[in-house]
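# Topology and contacts: notes
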Amino acid sequence: MDQDRVTAVYLVETAYSLERAAASIAGEQSTGTFTAVPGETDAVKERHGARVERIEPLDDTDTPSLPGAKTPPGHDGKYRRGRVTVSFPLHNFGPSIPNLMSAVAGNLYELQELSGLRLLDLELPEAFTVRYPGPKFGIEGTRKLTGVYDRPILGTIVKPSVGLSMEELSALVEKLGRAGMDFIKDDELNANPPYAPLADKVKAVMEAVERAADATGKKLMYAFNITGDYDELHRNHDLVVKAGGTCVMVSILSVGLSGLTYLNQFSEVPIHGHRNQWGMLTRSPLLGIEFTAYQKLCRLAGADHLHVNGLNSKFYESNESVVRSIAACTSPLLGGYKAMPVVSSAQWAGMAPATYAATGTVDVMHLAGGGMLAHPDGPAAGFESMKLGWEAAVQGIPLDAYAAQHPSLQRAIEKYGKG
């Protein structure tokens, strides 16, 4: 790609021609406005103007996807859809994620010429690697810290999400640690609430982690939710690291990409990136941003782990979209920057074969809340069933056949169904 330009791909819907819509996008986000102005010379447009690189017509529809769209005189009733590729001069905003977002996703969504707009993908020049070093740990670093190789990192989420006392939380974590868990995370709802201050939580959890490690010889990774304002991020991170913690978690859309970048500047442990609130940016198919584009920005900013939902989850997202998201997190970006996809939401051992068949990789973190904690024989059996599910998947053995020889997997199938 041109190392002096950023390329953005959009899904566009418009009552006008795709050519006019593309020109509106390019003009609005660079040198143009609703009318010609004296300073918009040919020289300025040549140096600073965004450029329409490609237009790929798709289908038409009779109904606009978004309200407030304008129609041309004599409109034929059709709304045209297409993929539009636009490139932006890097010198307009520099290698800066906040200003990049203003260029590629700024006022575009309000343009009346558009009845639908979705940012599908981004191609970024090497200049961004100087400003943004990306994840410090990623897949390899996380495996080293957990000691888990050649299979997914398996774990769970603290449930109930809120309301546990420090004594209850400590007992739960120790029980899960003794059960062999690789990983546990705070729920996104629980960071530093008045009823359970983070300092108290860190102390209670890490004491439990160490007790379990003394008993099993294995220290699990616990992702503490340190989401907060900028001044809290540094303080909360240091609190975790000082206590011996090996992972911090932030809700990326709560702290923003700049907050994630800030945390990555000093973080000494992997950053677990949770994408709660993501649905409001992506659920409408003709609005928002595709995860393929968004995850690149998260990886640049330093997320070591990224949530991608799970197959057959409780959320709206299709299995095909989840598979694309898993592949996106591990696809090459600027020579590196791999992040570990985190598969979660209504997961259990029976989802391992489908996940492996669809992705062909074990480089995922597979989390199950109820799918482990509510196993009929307890969390240790739930954890074992997850490992067995992945063993069957990788070896190509039908789940039922493998379960016939492994009671914990059989019991999981009986409880959760065959998926």
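Refer to the structure above for everything that follows.
My aim in this report is to walk through the structure given alongside it, one point at a time. Bear in mind that the values here come from a model prediction, so they are computed numbers and not experimental data.

### Things to note about the packing of aromatic side chains
Tallied over the full model, the rule gives eight aromatic pairs. Taking the centre distance of 6.3 Å and the plane angle of 20 degrees together, the rings of Phe128 and Tyr132 count as stacked. Taken as a pair, Phe128 and Tyr132 share a single burial class, namely buried. Centroid distance Trp348 to Tyr416: 5.6 Å. Interplanar angle 35 degrees. Geometry classified as tilted. Here the residue Trp348 occupies a position in the loop between strand S12 (340-343) and helix H13 (352-359), and Tyr416 occupies one in helix H17 (residues 407-416), the gap between them amounting to 68 residues. Of note, Arg131 hangs over the ring of Tyr132, and the distance from its end group to the ring centre comes to 4.7 Å. Across from the ring centre of Phe291, 4.8 Å away, lies the NZ or CZ of Arg275, which sits over that ring.

### So, the sheet that holds strand S1 (residues 5-14)
In spatial order, the strands read S2-S3-S1-S4-S10; together these five strands make up an open sheet with mixed pairing. The outermost strands of the open sheet, each flanked by one partner alone, are strand S2 (51-61) and strand S10 (287-289). Direction aside, neighbouring strands of the sheet carry axes that sit 15 degrees apart on average. Where S2 lies against strand S3 (residues 79-89), eight bridges are found, and the strand directions are antiparallel. Paired with Glu56 across the strands is Arg83, a residue of S3. On the sheet, helix H1 (residues 18-28) packs against S1, S2, S3 and strand S4 (114-123) and is oriented at approximately 135 degrees with respect to S2.

### Structural notes on the packing of helix H3 (residues 97-105) against helix H11 (residues 291-301)
Two numbers describe how H3 lies on H11: the axes approach to 12 Å, and their chain directions differ by 165 degrees. One finds that H3 runs roughly antiparallel with respect to H11. The element H3 and its partner H11 pack so that their crossing is right-handed. Residues Ile97, Leu100 and Met101 of H3 form the contact with H11, whose own contacting residues are Leu297, Leu300 and Ala301. Here the contact of H3 with H11 is built from residues that sort into six nonpolar, no polar and no charged.

### Here's the deal with the pattern of salt bridges
Tallied over the full model, the rule gives 22 salt bridges. A salt bridge links Arg151 to Asp182; its shortest N-O distance comes to 2.7 Å. One end of the pair, Arg151, is in the loop between helix H5 (138-146) and strand S5 (153-157); the other, Asp182, is in the loop between helix H6 (166-178) and strand S6 (183-185), and 31 residues separate them in sequence. Beyond isolated ion pairs, a larger network of salt bridges with shared partners links Glu13, Asp59 and Arg81.

### As for the environment of Leu120
Along the chain, Leu120 turns up in strand S4. Contacts of Leu120, omitting those with residues within four sequence positions, involve Val9, Tyr10, Leu11, Arg83, Glu290, Thr292 and Ala293.

### Here we look at helix H8 (residues 230-242)
Taking 1.5 Å per residue, 13 residues should reach 18 Å; H8 reaches 19 Å between its end C-alpha atoms and fits that length. Those residues of H8 lying buried are Glu232, Leu233, Asn236, His237 and Val240. The buried residues of H8 occupy an angular sector of 125 degrees when the element is viewed end-on, so they sit on one face. Those residues of H8 hidden inside the fold are in contact with helix H7 (198-216), strand S7 (221-225), strand S8 (248-251) and helix H9 (252-266). Once H8 finishes, Gly244 follows within two positions and takes phi at roughly 95 degrees, a positive value.

### Structural notes on the nonpolar core
Core analysis: the largest hydrophobic core is formed by 103 residues, its most contacted members being Tyr10 and Val104. When residues no more than four places from it in sequence are discounted, the contact partners of Tyr10 are Ile25, Gly82, Arg83, Val84, Val86, Phe88, Val104, Leu108, Leu117, Arg118, Leu119 and Leu120. In terms of nonpolar packing, the next biggest core, distinct from the first, is built from 13 residues, Ile139, Ile157, Met340 and Val342 among them.

Conventions and cut-offs
Residues numbered from 1 in each chain as written. Predicted model: local features only at pLDDT ≥ 70, side-chain atom pairs only at ≥ 80, totals over all residues. Heavy atoms only, no water. Phe/Tyr/Trp six-rings, centres within 6.5 Å; stacked < 30°, edge-to-face > 60°. Buried < 20%, exposed > 50% of the residue type's maximum accessible area, 1.4 Å probe, protein only. Helix = DSSP H or I, 4+ residues; strand = E, 2+ residues; numbered from the N terminus. Lys NZ or Arg CZ within 6 Å of the ring centre and 35° of its normal. Pairing = 2+ DSSP bridges. Axes fitted to C-alpha atoms, helices over the stretch in contact; angles between N-to-C directions. Contact = heavy atoms within 4.5 Å. Parallel < 35°, antiparallel > 145°, perpendicular 65-115°, else oblique. Left-handed = near helix turned anticlockwise from the far one by under 90°. Nonpolar A, V, L, I, M, F, W, Y, C, P; charged D, E, K, R; others polar. Salt bridge = Lys/Arg side-chain N within 4 Å of Asp/Glu carboxyl O. Expected span 1.5 Å × (residues − 1). Arc of directions from axis to C-beta. Core = buried A, V, L, I, M, F, W, Y, C linked by side-chain atoms within 4.5 Å.

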